[in-house]
Amino acid sequence: MSKEETAASTSTMKTALSENMLFGMGNPLLDISAVVDKDFLDKFGLKPNDQILAEDKHKALFEEIVKRNKVEYHAGGSTQNSVKIAQWMLQKPHKVATFFGCIGKDDFGKILKKKAEEAHVDAHYYEQTEEPTGTCAACITGDNRSLVANLAAANCYKKEKHLDLDSNWELVEKAKVYYIAEAATFAKELGFETDDIAVIAHKTQNLPKENAKRQRLVVFTQGKDDTVATVGDKVTMFPVLDIDQNDIVDTNGAGDAFVGGFLFALVQEQSLEECIRAGHYAANVIIRRVGCTFPEKPDFH
């Protein structure tokens, strides 16, 4: 293929993309990162390298970390991270990714809306006053991060007051690819009685399915081990990208990043192999950085 044909092909691929083609729905959190001291961890009973859900004793932490420290804000929450990364890899057009979730009518909610806008995600939040906007504090000490998540408003989503509105449902209908929930560990819940990830993937693939016209695709990531994918009766293992252990800064966003890269390729109707290659690329970028953050532009070819 000549350079001109390649350019034309790339151009065609980009013009085929339009706003709201990718739809995500989940728990939005405002990520708040700050360097803190040991006294701060001790005050709230935190371990230097841990991730927990906030209890009553942690409620004051979120305001205090903002008052006492220089903080960075990012639009977070697992699903929102994934669609944000997909949009970053797509670059343009903006707002290919849509996101629905619930926030509070408060200052953190205003910041979250601004951060989602900066990420060029078309976020439509259900806003309520019962609970504050969900937050995740990343308390950084040296190379360690102690994560404290307060779901709060994220748990207050009301379908009939948001999803069922005509203007919002139109956005759902515009989408070609939907990402609603993170992959769960099915084996124990469904009594598969095996630890073999390939067998689990195959059994999951064969679970009852409403739409018989399309085969189910199952993808499991395993950190540094091979990614496992099944289509039909075929189970395929995909090696992840090599990385020097010294280059790994933070693995917390790796799973969200993989999904984001995968969705980037899927929304363009690319092959399974290409979707997984894009997922591995995104995860490889994110684990070299603090938090689920990324450089200005991707370098994916």
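None of the values given here were measured: they were computed from a predicted structure.

Next up on the list: the packing of aromatic side chains. As enumerated under the stated definition, the model contains 9 aromatic pairs in all. Considering the side-chain rings of F23 and F100, the 4.9 Å spacing of their centres and the 80 degrees angle between planes classify their relative orientation as edge-to-face. Here F23, found in strand β1 (residues 22-25), pairs with F100, found in strand β5 (residues 97-104); they are 77 residues apart in sequence, far enough to count as distant. Judged by its relative accessible area of 2%, F23 is buried. Both rings, one in Y281 and one in F300, keep their centres 5.2 Å apart while their planes meet at 45 degrees; by these two values the pair is tilted. Taken together, the residues span a long stretch of sequence, with Y281 in helix α10 (residues 272-286) and F300 in the segment after α10 at a distance of 19 residues. By relative accessible area, which is 13% here, Y281 ends up buried. Relative accessible area serves as the criterion here: at 19%, F300 is assigned to the buried category. Every member of this aromatic cluster is reached through a ring pair, and the members are F23, F100 and Y178.

For the rest of this paragraph, the subject is the nonpolar core. In globular proteins that are soluble, nonpolar side chains generally tend to be buried together. The biggest cluster of nonpolar side chains holds 60 residues, and the ones touching the most others in it are L22, L61, I65, M89, C139 and F264. Tallying contributions element by element places α10 first for this core, with 9 residues. Dropping the residues within four chain positions of it, L61 is found in contact with F40, F44, L46, A137 and V148. Judged by nonpolar contacts, the second largest core, of 7 residues, contains M25, L163, V172 and A175.

This part is about the pattern of salt bridges. Should the charged atoms of two oppositely charged side chains come close, the side chains can pair. According to the stated counting rule, one finds 11 salt bridges in the structure shown. For the salt bridge of R68 with D37, the shortest nitrogen-to-oxygen distance reads 3.8 Å. Of the two residues, R68 is situated in helix α3 (residues 61-68) and D37 in the loop between β2 (29-35) and α2 (38-43); the sequence distance between them amounts to 31 residues. A residue is classified by how much of its surface remains accessible, and R68, at 44% relative accessible area, is partly exposed. D42 is the partner of K38 in a salt bridge, and the nearest nitrogen-oxygen pair spans 2.8 Å.

What follows is about the UniProt feature "active site" (unreviewed entry) in the chain. Within this structure's numbering, the places UniProt gives as "active site" (unreviewed entry) are D256. You can see D256 is positioned in helix α9 (residues 254-266). If we skip the residues at most four places from it in the chain, D256 touches S78, N81, S82 and I85. One polar contact links D256 to N81, side chain to side chain, over a distance of 3.1 Å.

Take the state of the cysteines next. Going through the model one piece at a time under the given rule, you end up with 0 disulfides. In this structure C102 is a free cysteine whose sulfur lies 5.4 Å from that of C156, the closest cysteine sulfur available. No disulfide involves C139; its nearest neighbouring cysteine sulfur is the one of C136, lying 8.8 Å away. Classification of C139 as buried rests on a relative accessible area of 0%.

Rules and cut-offs
Residues numbered from 1 in each chain as written. Predicted model: local features only at pLDDT ≥ 70, side-chain atom pairs only at ≥ 80, totals over all residues. Heavy atoms only, no water. Phe/Tyr/Trp six-rings, centres within 6.5 Å; stacked < 30°, edge-to-face > 60°. Helix = DSSP H or I, 4+ residues; strand = E, 2+ residues; numbered from the N terminus. Buried < 20%, exposed > 50% of the residue type's maximum accessible area, 1.4 Å probe, protein only. Core = buried A, V, L, I, M, F, W, Y, C linked by side-chain atoms within 4.5 Å. Contact = heavy atoms within 4.5 Å. Salt bridge = Lys/Arg side-chain N within 4 Å of Asp/Glu carboxyl O. UniProt positions renumbered as here; feature names shortened; annotations may be inferred. Polar contact = N/O pair within 3.5 Å; in protein donor to acceptor, adjacent residues only side chain to side chain. Disulfide = S-S within 2.5 Å.

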